[in-house]
Amino acid sequence: MKLRFVCLILTLTLLMSACQSAPAPTTVSPAEGESEIILELAGAAETKTFTLDELKALPATEGYAGTKSSTGKITLPELYKGVLLTDLLAQVGGIDPAMAIQIEAKDGYAMTFSPEQITNGNFIAYDPGTGDEISDVGKLQVLIAYERNGEPFDAEQDGTLRLMIIGEDTNQVTDGHWSIKWVRRVSLKPLSADWVLHMEGAITEDMDRATFESGTNERCHEATWKDDHAQTWTGIALWLLAGRVDDENKHETGAYSDALADQGY
């Protein structure tokens, strides 16, 4: 049977996020950020706010971070400086094993981290030269950064704060969906179960929750459907997922192959 632009929506009601952040609706220059509130931290029992100066008064950490995009593009590691997420969460009682940590950006991008990721640095790492998955890269940590290579971020490109997964050396990069620009809020919420979507076609892919969430942002591949009870379901159109496994082109233009569909797969 021919598969042609099937509009089924995976009915998952998770908080959704983007392939990558689009330009933020508003920006704060580094000079203004020193006196203005730039970050909100919502714990289980209290909420705190921080100016840039107040963040810089917390223990500072430096490390190297780079990214690998969903299309395989590598952004080489650079030196970042900021506050570890563990140190920031200590301001509101620390990490609760029963709570997830959500990072939100000004443009609506949001990603959710598990306590284990934050405390143990459990992230997939890739070789910066080849893009191949690697292990034994040392300790990985989650950083709310305010400097790159000793300079404040460009307000138009990154905002005042940016989340990065840092290591002790330049020997690794991590998935780009973990890199969040224009960070504005960190909050704790009840922990939900992790999951993997297994897809088989000409190739096989196991898509984790974070990758799926990244693709369901309104500026990426978000699709919605309202049922007879006025409930809105959000997900990704099935034909887009089919395009990830029908051949080696997973995300570029023409990822969904009409020619292969016409052959009757």
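Above this text is the structure in question.
Thresholds applied
- Residues numbered from 1 in each chain as written.
- Predicted model: local features only at pLDDT ≥ 70, side-chain atom pairs only at ≥ 80, totals over all residues.
- Heavy atoms only, no water.
- Helix = DSSP H or I, 4+ residues; strand = E, 2+ residues; numbered from the N terminus.
- Buried < 20%, exposed > 50% of the residue type's maximum accessible area, 1.4 Å probe, protein only.
- Contact = heavy atoms within 4.5 Å.
- Areas by Shrake-Rupley, 256 points an atom, 1.4 Å probe, with all protein chains shown as cover.
- Phe/Tyr/Trp six-rings, centres within 6.5 Å; stacked < 30°, edge-to-face > 60°.
- Pairing = 2+ DSSP bridges.
- Axes fitted to C-alpha atoms, helices over the stretch in contact; angles between N-to-C directions.
- Polar contact = N/O pair within 3.5 Å; in protein donor to acceptor, adjacent residues only side chain to side chain.

Focus on the overall build of the chain
Move 1: Looking only at helices and strands, one finds seven helices and 17 strands in the chain.
Move 2: Counting every position in the chain, which comprises 265 residues, the buried fraction comes to 45%.
Move 3: Sequence separation of 24 or more characterises 62% of the internal contacts of the chain that already satisfy a separation of 6 or more.
Move 4: Entry remark: accessible area of the chain is about 13,200 Å², with carbon and sulfur atoms responsible for 48%.

As for the packing of aromatic side chains
The geometry of two aromatic rings is summed up by the distance between their centres and the angle between their planes.
Move 1: Inspection of the entire model under this criterion finds five aromatic pairs.
Move 2: Note on F113 and F123: the rings are 6.1 Å apart at their centroids and 70 degrees apart in plane angle, and the pair reads as edge-to-face. A residue pair is termed long-range when its members are at least 10 positions apart, and F113 in strand β6 (residues 110-113) and F123 in the loop between α4 (115-120) and β7 (125-126) qualify at ten residues.
Move 3: Judged by centre distance (5.6 Å) and plane angle (85 degrees), the ring pair of W239 and Y256 falls under edge-to-face.

What about the environment of A155?
Move 1: Along the chain, A155 falls in the loop between β10 (151-152) and β11 (162-166).
Move 2: Sequence-wise, A155 and K181 are 26 residues apart; in three dimensions their C-alpha atoms are separated by 10.0 Å.

Quick notes on the sheet that holds strand β1 (residues 37-42)
Move 1: Spatial strand order, β2-β1-β13-β5-β6: five strands in an open sheet with mixed pairing. The strands lining the two open edges of the sheet, one partner per strand, are β2 (47-51) and β6. Neighbouring strand axes in the sheet, compared pairwise and without regard to direction, differ in orientation by 20 degrees on average.
Move 2: When strand β5 (residues 99-105) meets β6, the two strands line up antiparallel, connected through four bridges. Residue pairing for β6: Q102 is matched across the bridge by T112.

Let's talk about the side chain of D158
Move 1: Relative to the assigned elements, D158 resides in the loop between β10 and β11.
Move 2: By relative accessible area, D158 is classed as buried at 2%.
Move 3: Engagement of the side chain of D158 in a polar contact is seen with the side chain of R162, the distance being 2.4 Å.
Move 4: Leaving out residues up to four positions away in the same chain, D158 has contacts with R148, F153, K181 and W182.

Regarding unusual backbone geometry
Move 1: At D136, a residue that is not glycine, the phi angle is positive and equals roughly 55 degrees.
Move 2: Checked against the element boundaries, D136 lands in the loop between β8 (133-134) and β9 (141-148).
Move 3: In this structure, W182 takes a positive phi of about 55 degrees despite not being glycine.
Move 4: The exposure class assigned to W182 is buried, which follows from its relative accessible area of 4%.

Overview of the pairing of strand β14 (residues 196-200)
Move 1: Looking at chain direction, β14 and strand β15 (residues 204-208) are connected through five bridges and run antiparallel. Of the residues in β15, the one forming a bridge with H198 is D206.

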